[in-house]
Amino acid sequence: MQKIRLNILGLSVSQTQSGAYALVLAEENGERRIPIIIGPVEAQAIAIQLEGLKPPRPLTHDLIKNIALAFDISLLEVTIYKLEEGIFYSELLCEMGGKEIRVDSRTSDAVALALRFRCPIYTSEEILKKAGIVLEQEDEESPVRSIFDEDYDEPVPSSYAHYSTNELLELLDEAIQNEDYEKASLIRDELNKREK
């Protein structure tokens, strides 16, 4: 199988399934995109990593990474190797003691781990032909928005504009302690706006 590298373009609310999210992967050297429907828990695990948030206690994928590191296991790459009846199948290529091991995984979990291990994500030309879509030019100009955005038509106005920077830092710390990552992301966005 000739491997084609994919990059994470973003996450958005699924237009087809209520309560689900679309993870959009983009062909590295091409225009095709693969939308993958995932659940809210997996979307949160991916979004937390994409947003650069640090939970106070390890989440499941962080725990898996910590166990792997404790036992000197490296995640080398993730491969989406099969698409059957609308379901994507993935595997993790791990290395332990000089030996390569392949582990079956749900695609959403595999992507969440790839982000944490900073390893590449691949698929095949066959899967890109089956599931790949090319966005229209006008769609391409409006990138996939974060799942933390409340309004996908207009920019989200900050409800934290009237807070001082110190107050925002305290609120951010409190939101992370309470594992309210949506709130933490909005506060972080307001802090980032002020740094510009």
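In this text the structure is predicted, and so the values were computed from the model without any measurement.

Criteria and cut-off values
- Residues numbered from 1 in each chain as written.
- Predicted model: local features only at pLDDT ≥ 70, side-chain atom pairs only at ≥ 80, totals over all residues.
- Heavy atoms only, no water.
- Helix = DSSP H or I, 4+ residues; strand = E, 2+ residues; numbered from the N terminus.
- Buried < 20%, exposed > 50% of the residue type's maximum accessible area, 1.4 Å probe, protein only.
- Contact = heavy atoms within 4.5 Å.
- Expected span 1.5 Å × (residues − 1).
- Arc of directions from axis to C-beta.
- Patch = residues over 30% accessible without salt bridge, like charges linked within 9 Å, V, L, I, M, F, W, Y side chains within 5 Å.
- Areas by Shrake-Rupley, 256 points an atom, 1.4 Å probe, with all protein chains shown as cover.
- Salt bridge = Lys/Arg side-chain N within 4 Å of Asp/Glu carboxyl O.
- Lys, Arg positive; Asp, Glu negative; His and termini not counted.
- Charge placed at Lys NZ, Arg CZ, Asp CG, Glu CD.
- 1 Å grid on protein atoms, 1.4 Å probe; cavity = no way out; pocket = protein on both sides within 12 Å on 5 of 7 lines; lining within 4 Å.
- Points joined across faces, edges and corners; volume = space filled by probe spheres on them.
- Nonpolar A, V, L, I, M, F, W, Y, C, P; charged D, E, K, R; others polar.
- Disulfide = S-S within 2.5 Å.
- Pairing = 2+ DSSP bridges.
- Axes fitted to C-alpha atoms, helices over the stretch in contact; angles between N-to-C directions.
- Parallel < 35°, antiparallel > 145°, perpendicular 65-115°, else oblique.
- Left-handed = near helix turned anticlockwise from the far one by under 90°.

Attention now moves to the overall build of the protein. A count of helical and extended segments in the protein gives seven helices and eight strands. Classification of the 196 residues of the protein by burial places 40% in the buried group. Partitioning the intrachain contacts of the protein with sequence separation of at least 6 by distance along the chain shows that 54% fall at a separation of at least 24.

Under the 1.5 Å per step criterion, the end-to-end length of helix α6 (residues 165-177) is 18 Å for 13 residues, consistent within 8% with the ideal 18 Å. Within α6, burial applies to Leu168, Leu171, Leu172, Ala175 and Ile176. Looking straight down α6, one finds that the buried residues subtend no more than 135° of arc, so they occupy a single side. Residues of α6 that are exposed and point more than 90 degrees away from the buried face comprise Asn166 and Glu170. The inward-facing, buried residues of α6 abut α7 (181-195). Trailing α6 by a residue or two, Glu179 shows a phi angle of about 55°, which is positive.

Here we come to unusual backbone geometry. Leaving glycine aside, a negative phi is the common case for residues, and trans is the common case for peptide bonds. Phi is positive for Asp72, which is not a glycine, with a value near 55°. Structurally, Asp72 is set in the loop between α2 (60-70) and β4 (73-84). Of note in this structure, Arg118 is not a glycine but carries a positive phi near 55°. Its relative accessible area of 78% is what places Arg118 among the exposed residues.

This paragraph deals with a negative patch on the surface. Where like charges cluster on the molecular surface, the negative patch consists of Glu167, Glu170, Asp173 and Glu174. Assignment of secondary structure puts Glu167 in helix α6. Looking at Glu167, the relative accessible area reads 40%, which means it is partly exposed.

Glancing now at the layout of surface pockets. Roughly 260 Å³ of internal volume is contained in the second largest pocket. Along its surface, the second largest pocket is lined by 14 residues, and Ile36, Ile37, Ile87, Phe88 and Thr107 are the ones closest to its centre. Of all the secondary structure elements, the ones that give two or more residues to the lining of the second largest pocket are β3 (32-38), β5 (87-96), β6 (99-106) and α3 (107-117). Considering only residue class, the lining of the second largest pocket consists of six nonpolar, five polar and three charged.

Before going further, it helps to examine the state of the cysteines. If you walk through the whole model with that rule in mind, you get zero disulfides. With no disulfide partner, Cys119 has as its closest neighbouring cysteine sulfur the one in Cys94, 8.6 Å distant. A relative accessible area of 10% means that Cys119 is categorised as buried.

Attention shifts here to the pattern of salt bridges. One pass over the structure, following the stated rule, counts ten salt bridges. Arg5 serves as the salt-bridge partner of Glu28, at 3.9 Å between the closest nitrogen and oxygen. One end of the pair, Glu28, is in the loop between β2 (21-27) and β3; the other, Arg5, is in strand β1 (residues 3-13), with 23 residues separating them in the sequence. Using a relative accessible area of 35% as the deciding quantity, one classes Arg5 as partly exposed.

This brings us to the sheet that holds strand β7 (residues 121-124). To summarise the sheet geometry, strands pair through backbone hydrogen bonds and adopt either a parallel or an antiparallel arrangement. The eight strands lie next to each other as β6-β5-β4-β7-β1-β2-β3-β8, forming an open sheet whose pairing is mixed. Only two strands of the sheet have a single neighbouring strand rather than two, namely β6 and β8 (133-134). Relative to the sheet, helix α1 (residues 40-51) contacts β1, β2, β3 and β6, its axis offset from that of β1 by approximately 105°.

Moving on to the packing of α1 against α7. Direction vectors running N to C along α1 and α7 enclose 20°, while the axes themselves pass 11 Å from each other. The pairing of α1 with α7 is recorded here as roughly parallel in orientation. When the axes of α1 and α7 are compared, the crossing they make is left-handed. Along its contact with α1, which presents Gln44, Ile48 and Glu51, the element α7 presents Tyr181, Ser185, Arg188 and Asp189. For the contact of α1 with α7, a count of residues per class yields two nonpolar, two polar and three charged.

Geometry only, nothing functional implied.
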